[in-house]
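A closer look at the structure
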Amino acid sequence: MITGIVFYGLAIVLLGLSFFKDRRKTLAALKKAGKSLVGILPQFLGIIVVVGILLAVLDPQTINRILGKSSGVLGVLLASVVGSITLIPGFIAFPTAALLLKGGAGYMQMGAFVSTLMMVGIVTLPAEIGFFNRRMALLRNSLAYGFSLLVALVIGLVMAL
Amino acid sequence: MQTNASKNILKRWWILLAAAILGLGLLLIDRGRGAKMIDVTLYSLKEMILVLPPIFIILGLLDVWVPREQMIRFMGEGSGAKGILLAIFLGSAAAGPLYGAFPVAQVLLKKGASLRNVVILLGAWSTTKIPMLMFELANLGARFTLARLVVDMVGIILIALLMERFMSEKDREEILAKAQAS
């Protein structure tokens, strides 16, 4: 809610300044904003519904069953795969991770889970390809995936200290 | 012409259409999960309404007010550490899901920001957003959050440098042409 207020406030202040300086430019900016927003809306709405379905199917209990107490390399790989499919908003991701930790998952696995959740998105891949290109989207996601495994390793080591 | 237009409409709407059919299926098979799906979808929708329209207005203003030369100076090929820091700052101050960063990145590219800095922005947007960090801190503790943050900061820049190396001239041109046309 607060972020929304900050962003709308900022937009309104900037719009006011812009309008004060140049009406025509401001209208052009608004037109551009509206056009791009309407342009991406169907795709973003699709992503939102897909995420809704995935989260309903992959609830914490199910994720817990998948990851279980399987630790070690297999656990890290499973956690990273689950993290990569879904694009979970922070408000669900972090409590889920905390719950999984209580359920017996290791820190290394949670590092892989949280990092891939944030950086790797298969659901959003079509959108990413659309905005940039195939090579850039695939490269960014695979590099981020590989890197997340490193994050897992470091977190596992740091938490064991 | 007619078929072309309908093809375009289909191209834009197929994800939503497919998702809606799947969602309907889930609702029929499993009431409980169906209800949860609706809950999550409504939450995401709220999140989207809260951040996307103002982000697009700010982008529109940036597009008409910031001259290309200025963007190149701040975030272009020769912007060095200044460009990197600005990209990290913009990404961290952002809100909303990662896909909200795609149109932002596209406008920056159109205005002359370097591919490297744009990839850094995407990285920061995904991993170092400040509101999200607070939440992580509360749920997973300081040690976990700090360790992840430090490694990810290094990773964001590393990934950007690697991408810069792996992207061909042709890829860059294709991406830039797409941005210019947007």
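Here is a short report on the structure shown in this document. (Residues numbered from 1 in each chain as written. Chains lettered and ligands numbered in written order. Predicted model: local features only at pLDDT ≥ 70, side-chain atom pairs only at ≥ 80, totals over all residues.)

We now examine the overall build of chain A. On a plain count of helices and strands, chain A comes out with 8 helices and 0 strands. Each helix (α) and strand (β) of chain A, taken in turn from the N terminus, gives the series α-α-α-α-α-α-α-α. Here chain A has a C-alpha radius of gyration of 20 Å; the compact-globule value for 161 residues is 15 Å, and the former is much larger. Principal-axis analysis of the C-alpha atoms places the extent of chain A at approximately 60 × 35 × 30 Å. For chain A, the residues scored as buried account for 44% of the 161 residues in total. Taking the intrachain contacts of chain A between residues at least 6 apart in sequence as the baseline, contacts between residues at least 24 apart amount to 79%. (Helix = DSSP H or I, 4+ residues; strand = E, 2+ residues; numbered from the N terminus. Rg over C-alpha atoms; globule rule 2.2 N^0.38 Å. Buried ≥ 20, exposed ≤ 12 C-beta atoms within 10 Å, placed from the backbone. Contact = placed C-beta atoms within 7 Å.)

Quick look at the overall build of chain B now. If you tally the helices and strands in chain B, you get 9 helices and 0 strands. The helix and strand sequence of chain B, counted from the amino end, reads α-α-α-α-α-α-α-α-α. Projecting the C-alpha coordinates of chain B onto the three principal axes gives extents of approximately 60 × 55 × 30 Å. Taken across its 182 residues, chain B has 42% of its residues classed as buried. The long-range fraction of contacts in chain B, counting pairs at least 24 apart against all pairs at least 6 apart in sequence, stands at 78%.

Contacts between the two partners involve 66 residues from chain B, matched on the other side by 68 residues from chain A. In terms of residue count, the dominant contributor to the side of chain B that touches chain A is helix 2 (residues 31-65) of chain B (24 residues). Looking at side-chain class alone, the side of chain B that touches chain A contains 45 nonpolar, 10 polar and 11 charged residues. (Nonpolar A, V, L, I, M, F, W, Y, C, P; charged D, E, K, R; others polar.)

Before going further, it helps to spend a moment on the environment of B:Ile157. Residues and elements named next belong to chain B. Tracing the backbone shows Ile-157 in helix 8 (residues 142-166). A C-alpha to C-alpha distance of 8.4 Å links Ile-157 and Val-119, two positions 38 residues apart in sequence. Apart from residues lying up to four places away in sequence, Ile-157 is in contact with Ile-84 and Ile-120.

We now examine helix 6 (residues 107-119) of chain A. Over its 13 residues, helix 6 of chain A extends 18 Å from the first C-alpha to the last, a length consistent with the 18 Å expected when each residue adds 1.5 Å. Counting buried positions along helix 6 of chain A gives 13 out of 13 residues, so the element sits mostly inside the fold. (Expected span 1.5 Å × (residues − 1).)

This part takes up the environment of A:Val49. Mapped onto the elements, A:Val49 comes out in helix 2 (residues 23-57). Non-local contacts of A:Val49, meaning those with residues more than four positions away in its chain, are made with B:Leu16, B:Ala19, B:Ala20, B:Gly23 and B:Thr41.

Our next topic: the packing of helix 4 (residues 80-93) of chain B against helix 6 (residues 115-127) of chain B. All names here are of chain B. In contact at an axis separation of 7 Å, helix 4 and helix 6 are set at 35° when each is read in the N-to-C sense. Crossing angle aside, the handedness with which helix 4 passes helix 6 is right-handed. Along the contact surface, helix 4 presents Gly-83, Ile-84, Ala-87, Ile-88, Leu-90, Gly-91 and Ser-92, while helix 6 presents Asn-117, Ile-120, Leu-121, Gly-123, Ala-124 and Trp-125. Here the residues of the contact of helix 4 with helix 6 sort into 8 nonpolar, 5 polar and no charged. (Axes fitted to C-alpha atoms, helices over the stretch in contact; angles between N-to-C directions. Left-handed = near helix turned anticlockwise from the far one by under 90°.)

Here the focus is the nonpolar core. Counting residues in each nonpolar core, the largest one holds 96 residues, and the members touching the most others are B:Ala101, B:Ala105, B:Leu108, B:Val118, B:Ile120 and B:Leu121. Here this core takes 12 residues from helix 2 of chain A, the largest share from any one element. Residue contacts for B:Leu121: discarding those within four places in its chain leaves B:Ala87, B:Leu90, B:Gly91, B:Ala101, B:Ala105 and B:Leu108. (Core = buried A, V, L, I, M, F, W, Y, C linked by C-beta atoms within 7 Å.)

Our next topic: the packing of helix 8 (residues 134-160) of chain A against helix 8 of chain B. Relative placement of two packed helices is described by the angle separating their axes and the distance separating the axes. Two elements in contact, helix 8 of chain A and helix 8 of chain B, have axes whose closest approach is 9 Å; the angle formed by their N-to-C orientations is 150°. As summarised for this structure, helix 8 of chain A and helix 8 of chain B are arranged roughly antiparallel, according to the angle between their axes. Regarding helix 8 of chain A and helix 8 of chain B, the two cross each other, and that crossing is right-handed. Residue-level inspection shows A:Leu139, A:Arg140, A:Leu143, A:Ala144, A:Phe147, A:Leu150, A:Val151, A:Val154, A:Ile155, A:Val158 and A:Met159 of helix 8 of chain A in contact with helix 8 of chain B, the latter providing B:Arg143, B:Phe144, B:Ala147, B:Arg148, B:Val151, B:Asp152, B:Gly155, B:Ile159, B:Leu162, B:Met163 and B:Phe166. Looking at the contact of helix 8 of chain A with helix 8 of chain B, its residues break down into 17 nonpolar, 1 polar and 4 charged. (Parallel < 35°, antiparallel > 145°, perpendicular 65-115°, else oblique.)

With 14 residues, helix 4 (residues 72-85) of chain A extends 21 Å between its outermost C-alpha atoms, agreeing within 8% with the 20 Å of an ideal straight helix rising 1.5 Å per residue. Taken together, the buried residues of helix 4 of chain A touch helix 3 (60-67), helix 6 and helix 8 of chain A.

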